[in-house]
Structures are given as C-alpha cells and as structure tokens.
Amino acid sequence: MSTVPTTPRRQAAHESTAAAVTPQTTRVAASHAVQSSPHYQTTRRHSLYGTEDRIILDPGSRLWKVGFSGEGKPRDVFLAEGQTGRSLWTLNRASKLAEREEEDKILEAKLQACLRSVFHNSLLTDPKSRKVILVEHPLLPLHIKEIIARVLFNNLQVPSISFASSHLLALLAAGRITGLVLDCGHLETTVLPVFSFRPLYPHLRTTPLAGERLSSHIKALLLMFGTYIPPATSLSAAMNIPAASRSVRVPQDVLTDNVIDEIKTRICFVGEPFDTDTLAAAGRASSPSAAGGDGGSELDLPPSDPALSESDFSRVSADVDSSFAASSGYSVVSHSQLPGMAADAHQAGESRVQALATMYGRHSTATDIHMRVDPPPAQQTGTGRGMLIIPGWIRERAAEVLFEGGDVDESSVAEVILDCLLKAPVDLRKTLASTILAVGGTPMLPGFIPRLQAELVRAVTRPATPSSSPPSRAGRPRPATYDRYASLRPLLPYFAILNNPSPPPPTSANAAASAGKAPAFTPATMAWVGGSLAGALKTGGVEVQREKWDEAEAPAELDVNVGDDRDGDVLMGGGDSPPRLAVVSKSILPDWTRTPLPIGAPAASQPVTLQA
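Basis of the calculations
One numbering rule holds for all chains: residues counted from 1, following each sequence as written. Totals for whole chains, interfaces and linings use every residue, but because this is a predicted model, local features are given only for residues with pLDDT of at least 70 and side-chain atom pairs only at 80 or more, for both listing and counting. Based on all heavy atoms of the structure, the side-chain values leave hydrogens and waters out of the count. The secondary structure listing takes helices from DSSP runs of H or I that are at least 4 residues long and strands from runs of E that are at least 2 residues long, numbered from the N terminus. Classification of residues uses two cut-offs on accessible area relative to the type maximum, computed with a 1.4 Å probe and protein chains only: under 20% is buried, over 50% is exposed, and between them is partly exposed. Whether two residues touch is decided by their heavy atoms; if any such pair falls within 4.5 Å, the residues are in contact. Each accessible area value is a Shrake-Rupley result obtained with a 1.4 Å probe; residue values ignore everything except the protein chains displayed when judging cover. The term nonpolar core refers to a set of buried residues drawn from Ala, Val, Leu, Ile, Met, Phe, Trp, Tyr and Cys, joined through side-chain atoms within 4.5 Å. The definition of a polar contact used here is a pair of N or O atoms within 3.5 Å, where within protein one atom must be able to donate a hydrogen and the other to accept one, and adjacent residues in sequence count solely through side-chain atom pairs. Between any two strands, at least two bridges found by DSSP are needed for them to pair. Each axis is a line fitted through C-alpha atoms, and for a helix only the stretch in contact is used; angles between axes span 0 to 180 degrees, taken between their N-to-C directions. A helix is expected to span 1.5 Å multiplied by its residue count minus one. Centres within 6.5 Å make a pair out of two Phe, Tyr or Trp rings, where for Trp the six-membered ring is used; the pair is then stacked when the planes are under 30 degrees apart, edge-to-face when over 60, and tilted otherwise. Definition used: whenever NZ (Lys) or CZ (Arg) falls within 6 Å of the ring centre and also within 35 degrees of the ring normal, the charge is taken to sit over that ring. The salt bridge definition used is simple: a Lys or Arg side-chain nitrogen within 4 Å of an Asp or Glu carboxyl oxygen. Should an angle fall under 35 degrees it is called roughly parallel, over 145 degrees roughly antiparallel, and 65 to 115 degrees roughly perpendicular, with every other angle called oblique. Crossing handedness: left-handed means the near helix sits turned counterclockwise from the far one by under a right angle, and right-handed means the same turn made clockwise. Just so you know the grouping, Ala, Val, Leu, Ile, Met, Phe, Trp, Tyr, Cys and Pro go in nonpolar, Asp, Glu, Lys and Arg go in charged, and all remaining residues, Gly too, go in polar.

Visitor: Please explain the overall build of the chain as it appears in this structure.
Guide: Within the chain one finds 18 helices and 14 strands. The 612 residues of the chain split such that 44% are buried. In the chain, of all internal contacts separated by at least 6 residues, the share reaching a separation of at least 24 is 68%. Counting every atom, the chain has about 32300 Å² of accessible surface; 55% of that belongs to carbon and sulfur.

Visitor: Whenever I open this one, the nonpolar core confuses me. Can you help?
Guide: Among the nonpolar cores identified, the biggest contains 63 residues, and Ile263, Ile417, Leu418, Phe448 and Phe495 are the most heavily contacted of them. Apart from the residues lying within four places of it in its own chain, the contact partners of Ile263 are Ile218, Leu222, Cys268, Met371, Leu388 and Ile390. Grouped together as the second largest cluster of nonpolar side chains are 34 residues, Leu88, Leu111, Val132 and Phe153 included.

Visitor: Got a minute to help me understand the side chain of Asp104 in this structure?
Guide: Tracing the chain through its elements places Asp104 in helix 1 (residues 97-122). Within the local environment of Asp104, its side chain forms a polar contact with the side chain of Arg93, the two groups lying 2.8 Å apart. In this structure, Asp104 is in contact with Arg93, His143 and Ile147, ignoring residues within four places of it in sequence.

Visitor: How do you make sense of the sheet that holds strand 14 (residues 542-545) when you look at a structure like this?
Guide: Backbone hydrogen bonds hold the strands of a sheet together, and the pairing may be parallel or antiparallel. If you walk across this open sheet you meet the six strands as 3-2-1-4-5-14, and the pairing is mixed. Whereas interior strands pair on both sides, the edge strands pair on one side only; in this sheet they are strand 3 (76-79) and strand 14. Neighbour-to-neighbour, the strand axes of this sheet turn through a mean angle of 20°, independent of strand direction. Alignment of strand 5 (residues 160-165) against strand 14, held across four bridges, turns out to be antiparallel. Counterpart to Phe163 in the pairing with strand 14 is Val542.

Visitor: Looking at this structure, how should I read the sheet that holds strand 11 (residues 369-373)?
Guide: Spatially, 10-12-11 is the arrangement adopted by the three strands of the open sheet, whose pairing is antiparallel. Each end of this open sheet is capped by a strand with a single partner; those strands are strand 10 (227-229) and strand 11. If you compare each strand with its neighbour and ignore which way they point, the axes differ by 25° on average. With three bridges joining them, strand 10 and strand 12 (residues 386-390) adopt antiparallel strand pairing. The residue of strand 12 that forms the bridge with Tyr228 is Leu388. Across the face of the sheet, helix 6 (residues 257-266) comes into contact with strand 11 and strand 12 while running at roughly 150° to strand 11.

Visitor: Where do I start with helix 2 (residues 142-155) in this structure?
Guide: Residues three or four positions apart in an α-helix share a direction because the helix packs 3.6 residues into each turn. Between its terminal C-alpha atoms helix 2 stretches 19 Å, which fits the 20 Å expected from 14 residues at 1.5 Å a residue. When we look at burial in helix 2, the residues that qualify are Leu142, His143, Ile144, Lys145, Glu146, Ile147, Ile148, Ala149, Arg150, Val151, Leu152 and Phe153. Positive phi appears at Gln157, one or two residues downstream of helix 2, with a value of about 60°.

Visitor: Help me out: how do you make sense of the environment of Ile263 in this one?
Guide: Relative to the assigned elements, Ile263 resides in helix 6. Its relative accessible area of 1% is what places Ile263 among the buried residues. Considered as a pair, Ile263 and Ser215 are 48 residues apart in the sequence and their alpha carbons are 9.1 Å apart.

Visitor: Please clarify how helix 6 should be interpreted in this entry.
Guide: Of the residues making up helix 6, those classed as buried are Val259, Ile260, Asp261, Ile263 and Lys264. The inward-facing, buried residues of helix 6 abut helix 4 (211-225), strand 11 and strand 12.

Visitor: Before we go on, may I ask you to explain the packing of aromatic side chains in this structure?
Guide: Centre distance and the angle of the planes are the two values used to describe a pair of aromatic rings. In total, this model carries five aromatic pairs according to the counting rule given. On the numbers, 6.0 Å between centres and 35° between planes, the contact of Tyr360 with Trp393 is tilted. Of this pair, Tyr360 sits in helix 9 (residues 346-362) while Trp393 is found in helix 10 (residues 392-397), placing the two residues 33 residues apart along the sequence. Ring-pair connections join several aromatic residues into one group, and the members of that group are Phe225, Tyr360 and Trp393. Across from the ring centre of Phe163, 5.8 Å away, lies the NZ or CZ of Lys145, which sits over that ring. The ring of Phe403 is capped by Arg451, whose NZ or CZ atom sits 4.8 Å from the centre of that ring.

Visitor: Sorry, what's going on with the side chain of Ser532 here?
Guide: With respect to the helices and strands, Ser532 occurs in helix 16 (residues 526-536). In terms of polar contacts, Ser532 uses its side chain to reach the backbone amide nitrogen of Gly70, at 2.8 Å. Excluding residues that lie within four positions of it along the chain, Ser532 makes contacts with Ile56, Phe68, Ser69, Gly70 and Glu71.

Visitor: Where do I start with the pattern of salt bridges in this structure?
Guide: Any two side chains of opposite charge can pair if their charged atoms end up close together. What the rule picks out here adds up to 19 salt bridges. For Arg451, the salt bridge goes to Glu400, with nearest N and O atoms at 2.8 Å. Of the two residues, Arg451 sits in helix 14 (residues 448-461) while Glu400 sits in helix 11 (residues 400-403), which places them 51 residues apart along the sequence. A cluster of three or more residues bridged by salt bridges with shared partners is formed by Glu396, Arg397, Glu400, Arg451, Glu455 and Arg458.

Visitor: Can you help me understand the packing of helix 12 (residues 413-423) against helix 14 in this one?
Guide: A pair of packed helices is characterised by two quantities: the angle between their axes and the separation of those axes. Helix 14 packs onto helix 12 with a crossing angle of 60° between their chain directions and a minimal axis gap of 9 Å. When the interaxial angle is binned, helix 12 and helix 14 end up oblique. Crossing angle aside, the handedness with which helix 12 passes helix 14 is right-handed. Residues Val413, Ala414, Ile417 and Leu418 of helix 12 form the contact with helix 14, whose participating residues are Phe448, Leu452, Glu455, Leu456, Ala459 and Val460.

Visitor: How should I be thinking about unusual backbone geometry in this particular structure?
Guide: Trans is the prevailing form of peptide bonds, just as negative phi is the prevailing case for residues other than glycine. The phi dihedral of Gln157 is positive, around 60°, even though this residue is not glycine. Mapped onto the fold, Gln157 is located in the loop between helix 2 and strand 5. Even without being a glycine, Ser196 presents a positive backbone phi close to 50°. With respect to the helices and strands, Ser196 occurs in the loop between strand 7 (189-195) and strand 8 (198-199). For Ser196, a relative accessible area of 27% corresponds to the partly exposed category.

Visitor: Whenever I open this one, the packing of helix 4 against helix 6 confuses me. Can you help?
Guide: Remark: helix 4 packs on helix 6, axes separated minimally by 10 Å, with the N-to-C direction vectors making an angle of 105°. Between helix 4 and helix 6, the interaxial angle falls into the category roughly perpendicular. Contact residues: Gly211, Leu214, Ser215, Ile218, Lys219 and Leu222 in helix 4; Ile260, Asp261, Ile263 and Lys264 in helix 6. Split by residue class, the contact of helix 4 with helix 6 holds five nonpolar, two polar and three charged.

Dropping the structure here:
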C-alpha cells in the first residue's frame with residue numbers, strides 16, 4: 001500500500017543550527033505581552049499600572065498633539081473643535097456663577113469627547129494601563145486643569161497624571177537646562193526664564209499679541225485691500241465677461257476660519273524690518289510735495305504717532321462708515337480709538353491706512369496670490385468657485401502686528417522678552433540672553449525667528465526719544481530722557497536664539513555656542529518632544545495618583561451629602577462660594593500661583609553695639 005507524498009517542510013526553529021534571530025513581538029490573546037510602539041522590536045517591560053510607555057498629551061486651546069513617550073514626533077495632531085477650527089476655551093470667563101457653571105459643563109463635554117478620541121481613535125490603547133504626562137501652559141486656568149483631570153481619572157480611569165510645564169519641556173528638547181523660552185501660541189505669548197531646570201514663575205511675562213490677533217489682522221487687511229472675483233453665472237458669461245470687471249470687495253462670509261488659517265500657514269511670511277532713514281528718504285523723493293505739491297508726504301510714510309500701531313487697524317469699529325459697511329460689513333479702522341481724528345474725519349483716517357498700504361506695497365517684492373475659495377451661501381448661483389486675490393504686501397507685512405506693541409498691556413514679542421530680562425536677576429541676564437528659545441505655532445512662519453533677533457537688537461540700540469516736558473524751573477536743564485532698556489545694552493553681543501535657522505555672525509563666545517544649535521524640531525512640537533523625552537527618562541513634573549484623587553473626592557462627596565441633608569443645597573456653600581467638590585479636587589492639583597515662594601537667604605545678623 002503506497003503512502004501519500006507529503007510537502008517537505010522547513011526544519012523546526014529549535015533544530016536549526018543557524019544563529020538565533022530575535023523574534024518579532026506579536027499580539028497574543030492569552031498573554032499580556034503587547035508591543036507598545038512600532039519603534040521598538042521587543043516587548044517593553046511592564047510597570048505596576050501597565051506598559052512603561054506613557055501618553056504624552058499636549059492640549060492647546062485650538063490644537064492638540066498626542067503620542068507615546070520615547071518617540072520623536074506625535075502620533076496625531078488634530079483640531080480640538082474639528083473642522084470649525086474654533087478654540088475650546090478663551091481668556092474671558094463669565095462673571096455670573098450660573099453662566100460659569102453652564103460654560104464648565106459645555107467645556108467638560110467637549111474635553112471628554114476629545115480625550116476619548118485620543119485613546120480610542122488616535123492611540124488605540126487602553127487608558128487604564130497608561131500613565132499620562134500633561135504638557136500644561138503656565139497660565140492654564142485652574143478650572144480647565146481640574147476638568148481635564150476629572151475626565152481622565154473618573155471617566156477614563158488613568159493610573160496617574162504628571163503635570164509638566166511646556167516651557168521647561170521645550171527647553172529639555174533643545175538639550176538645555178537654562179534658557180529663556182518664548183511660547184507664541186494662539187491666545188497669548190508668554191516668556192518664562194528657566195534656570196537649572198527650575199522655572200522662575202515670578203518673572204513670567206505675557207502679551208495678547210499671538211496667533212489669534214494675527215488671524216484677525218489678516219482678515220481685516222483682506223476685507224479692506226483684498227479683491228474677490230465671484231464665479232460667473234453661466235459658462236457663456238465666463239467666456240465673454242472679463243474677470244476684472246466682476247471683481248468686488250471681499251465679502252466677510254468668504255473669509256472663514258479655515259480660509260484664514262490656510263492663508264496664515266501656507267501663504268504668509270515675515271519680512272525684514274524697515275530702515276526708518278531709508279523709508280523717509282524714499283518717501284520724500286517720491287512724494288508729490290517734492291515737486292511743489294502740498295500735503296503729499298502723508299501718503300508716502302506711515303503714521304508717526306506711536307499710538308497708531310498695526311493693532312489699531314485690526315480692531316472692529318463701533319462707528320462704521322455706511323458706504324464701507326454696505327459693501328463688506330466690516331470696518332478695519334477704529335475711528336473712535338485713533339487719537340487726533342474727529343468724528344467727521346473719516347477721509348483722514350482712510351488716508352492714514354492707505355498710506356500704510358502704499359508704503360508697504362512700494363517696498364514689497366512678494367507676488368500676489370490667487371486662491372480658490374467657496375462663494376458665500378447667498379451667492380452660490382454661479383459655476384465653480386470664487387477667486388480671492390491676496391496682495392503680496394499683506395503676505396509679507398501682516399505679521400507686523402506682532403512686532404509693534406500697542407500699549408503697556410500689549411507689548412510686542414521682542415519687548416516682552418526684554419521686559420522679562422529686566423525682571424530677571426542681574427547675574428542671570430547674560431546666560432538667559434544667549435539661550436533664547438522660540439516655540440509655538442506662530443514662530444513657524446518663515447522669517448519669524450530671524451526677524452525676532454533683529455527686533456531685539458533694534459529695541460535695545462534704539463536711541464531714547466528726547467523729552468518734550470519743560471524744565472521744572474526756569475534756568476534749569478530739561479529732565480533726563482528715559483531709556484527703558486539702557487541696562488540691557490551691554491547684552492547686545494550675547495543675544496542668540498537657539499533655533500534660529502539663519503543666525504547672524506556671532507559677536508561673543510556665548511552667542512557662537514548657542515545660536516542655531518538646537519535640534520531641528522519644529523517650534524510647534526518642541527514641548528511635546530520634551531514631554532516624550534521626559535517620559536522615556538522616567539522624569540516629569542508633579543505626579544498625581546488616582547488613589548490620591550479618590551481619597552480627595554471621598555470627603556468632598558460626604559460633605560456634599562451632609563450639606564444636602566442640612567441645607568438642601570448640594571453644590572453651593574452659600575452666596576457666591578464655589579462648589580465644595582471642585583475646591584477639594586483642585587487642592588491636590590499643582591498650581592504655582594498658590595504655592596509659597598522659596599525662602600531666600602537668611603537675614604543678616606544685627607551688629608552688636610557695646611555700651612559704655
């Protein structure tokens with residue numbers, strides 16, 4: 001009886017005499033060995049709560065970055081509000097308690113949806129077995145931090161949360177432990193000095209000139225100086241009617257948040273600073289007044305009043321011109337806020353803005369961009385999409401609003417760095433000035449960091465304006481002029497930005513050792529990369545365990561139940577007091593604004609006096 005031939009098979013692995021190869025880790029149903037990251041070919045060790053790769057969560061008001069520790073870039077970057085592109089929270093909060101509680105409930109629902117999407121859609125991991133490192137902004141409101149912690153602990157049941165400063169982590173990603181970190185985000189720009197891995201929170205400085213102000217400024221400039229060509233009503237009209245005859249002022253409905261973000265991230269860049277003497281000579285040479293005209297120089301030079309800054313042109317006016325409002329529904333110039341303008345001086349105000357546009361257009365080399373946009377809902381009767389024409393000088397000079405401070409509360413990006421250096425200890429100024437790091441989404445604009453370097457040098461070397469105040473008494477000299485940054489002038493050779501892509505020639509050893517020496521991470525992901533590095537090194541900020549959170553909530557719930565039986569009021573302690581549960585939960589969260597300052601040097605001993 002013949003046997004059925006069998007297919008020859010390979011020799012078993014244990015019988016092979018060849019060198020053993022490390023087997024690839026696979027997902028086994030009956031085992032807890034799970035490959036934690038595709039960057040590692042072997043199974044990572046397990047800790048008490050799960051795998052050691054931690055979740056790095058960088059929640060911004062608008063953009064979130066999430067991933068695992070030990071990796072070089074985030075797994076997912078997404079908008080918190082989806083396609084709308086709006087911010088989850090703002091810097092303003094309702095004053096009434098009922099409205100504030102309603103806002104917190106809405107915010108908690110949105111944060112819960114975002115955090116569930118992080119674990120279940122972006123990372124595909126079990127939140128119960130992963131520790132979380134939360135990259136927090138130093139000025140993140142405490143109620144938002146408490147809502148995030150409540151969702152992570154009570155809803156997703158994570159083992160622990162470590163709170164780490166975004167400025168500190170960004171400096172860690174640059175390979176430094178001491179430096180001055182500028183974080184220019186969406187809502188505000190903050191500067192925080194860090195010395196020996198310790199953030200100096202009392203010296204933190206901030207300004208509202210950030211990405212949101214830049215977006216509103218771009219929108220204001222396009223509404224006044226942009227051109228929109230609507231789609232033709234038919235194919236024959238598209239062939240016979242020229243596009244120039246169909247051009248109109250840009251409708252406000254065209255400039256949605258997505259369109260503005262597309263313009264800001266893909267089209268705009270930062271130009272080099274203007275030379276005041278060159279512009280003045282060019283304006284006098286090209287003005288009609290040089291040929292005998294009167295008043296022509298006003299159209300060639302920008303406003304000389306320091307109060308007429310770029311930020312004034314992006315504010316919405318309460319006194320809207322009827323003809324301009326009928327065409328665009330948006331006013332660029334705030335006539336009531338610009339000094340020196342009467343109620344009937346609309347033409348003078350428009351001439352000042354037109355002077356700015358004329359000066360920028362004359363000295364700009366950027367080309368105009370034609371961008372396809374969706375027509376407004378009221379005008380979707382034609383064929384195809386509309387055309388938005390963006391002037392080249394808007395692409396180049398829209399970011400000027402970030403470098404021209406409006407008032408004391410709106411310092412420019414360069415001024416807020418210098419103000420932070422003035423508040424820092426004198427013996428640290430040289431080190432901090434030579435290790436400046438620019439992070440955030442706005443510094444990703446091409447030319448932003450070199451322009452910041454130039455603005456720092458120009459602000460320190462700028463001569464003080466002569467005092468116009470009369471002498472106090474006759475025969476006495478005028479009071480000395482106030483030079484704001486005179487004490488920082490010796491630091492000019494030491495200014496250096498770590499992630500400057502094109503640093504100037506160094507003028508000192510400190511600048512040569514720091515300028516452009518940071519790793520080539522994008523400024524927007526520097527804080528996340530630092531968190532990934534901290535998670536891989538098993539370091540981080542203050543860690544809050546879930547057991548401590550549960551212990552803090554148990555007395556709070558008992559107190560609420562007792563108050564319910566006694567007063568019939570569950571959350572309210574009477575008057576305008578906050579909920580008891582929130583107070584107890586917040587007490588275990590780290591908050592540098594409520595911690596006492598470290599004790600300084602001991603007081604000097606009193607000299608002993610000998611009595612005769």
